[in-house]
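Here is how the chains run, residue by residue.
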Amino acid sequence: MTDLAIETRDLSKQFDRQLAVNEVDLNINYGEVYGLIGPNGAGKTTLIRMLAAIEEPTTGEIYFNGERLRPDRPNPNLQRHLGYLPDDFPLYDDLTVWDYLEYFARLYHLREPTRSRRLFDVLELVQLVPKRNSLISTLSRGMKQRLSLARTVIPASSTESASLKPSR
Ligand SMILES: Nc1ncnc2c1ncn2[C@@H]1O[C@H](COP(=O)(O)OP(=O)(O)O)[C@@H](O)[C@H]1O
Ligand SMILES: [Mg+2]
């Protein structure tokens, strides 16, 4: 059993002719900020999409806290701890900031009163509390980016998702 937050073993992704990710072994500890640097087409996005369970690896294994992510079957317990912010940060323009975040919080199965507390936490983190009742279409681009970030970190360190971390 490993103590790592994220571990991959021999993780590879082969598209038709393109080997996008080639036998990657990642060892990422809790609390670590980990960066992938490489030229266009190096495989960064493909690797992250596999970690976010939206791209199936061709070969190799992914573990979160020692628990294997199984691409071929639902992983609700693991997936509710994952946040992924793609670079095109899609948003729903006709929702308010609050309704948008609440929608995702519900997808993460957060229940009241934890859900509202968590939404205020992430809104405070990105300094959008005063905009919580505004339509997303009225936000500046920077605010939209911050809102997307808030949505991404909803599962992080919330009370109900704390159980994935090992107790020491
Ligand atoms: N869905 C796909 N089908 C075929 N090839 C893909 C697909 N997604 C990515 N690739 C290819 O995989 C390689 C890695 O792409 P990507 O992971 O997006 O790189 P990066 O994010 O590092 O710029 C590229 O050659 C790209 O064309
Ligand atoms: Mg990319």
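First things first, this report covers the structure right here in the doc.

Criteria and thresholds
Residues numbered from 1 in each chain as written. Chains lettered and ligands numbered in written order. Predicted model: local features only at pLDDT ≥ 70, side-chain atom pairs only at ≥ 80, totals over all residues. Heavy atoms only, no water. Helix = DSSP H or I, 4+ residues; strand = E, 2+ residues; numbered from the N terminus. Buried < 20%, exposed > 50% of the residue type's maximum accessible area, 1.4 Å probe, protein only. Contact = heavy atoms within 4.5 Å. Areas by Shrake-Rupley, 256 points an atom, 1.4 Å probe, with all protein chains shown as cover. 1 Å grid on protein atoms, 1.4 Å probe; cavity = no way out; pocket = protein on both sides within 12 Å on 5 of 7 lines; lining within 4 Å. Points joined across faces, edges and corners; volume = space filled by probe spheres on them.

Regarding the overall build of the chain
Moving on, step 1. Each helix and strand counted, the chain has five helices and five strands in total.
Moving on, step 2. From first element to last, N terminus to C terminus, the chain shows the α and β order β-β-β-α-β-β-α-α-α-α.
Moving on, step 3. C-alpha atoms of the chain, sized along the principal axes, occupy 45 × 40 × 30 Å.
Moving on, step 4. The buried share among the 168 residues of the chain stands at 39%.
Moving on, step 5. The long-range share in the chain, meaning contacts at least 24 apart out of those at least 6 apart in sequence, stands at 63%.
Moving on, step 6. Approximately 10400 Å² of the chain is accessible, and the part contributed by carbon and sulfur atoms is 49%.

Observations regarding the layout of surface pockets
A probe as big as a water molecule, rolled over the atoms, marks out the empty space that is left.
Moving on, step 1. What the second largest pocket holds in volume is close to 440 Å³.
Moving on, step 2. Residue lining of the second largest pocket: 17 residues in total, with Q79, L82, F104, Y108 and R151 positioned closest to the centre.
Moving on, step 3. Going through the elements one at a time, α2 (76-79) and α3 (97-107) are the ones with two or more residues in the lining of the second largest pocket.
Moving on, step 4. Sort the elements by how many residues they give to the lining of the second largest pocket and α3 lands first, with three residues.

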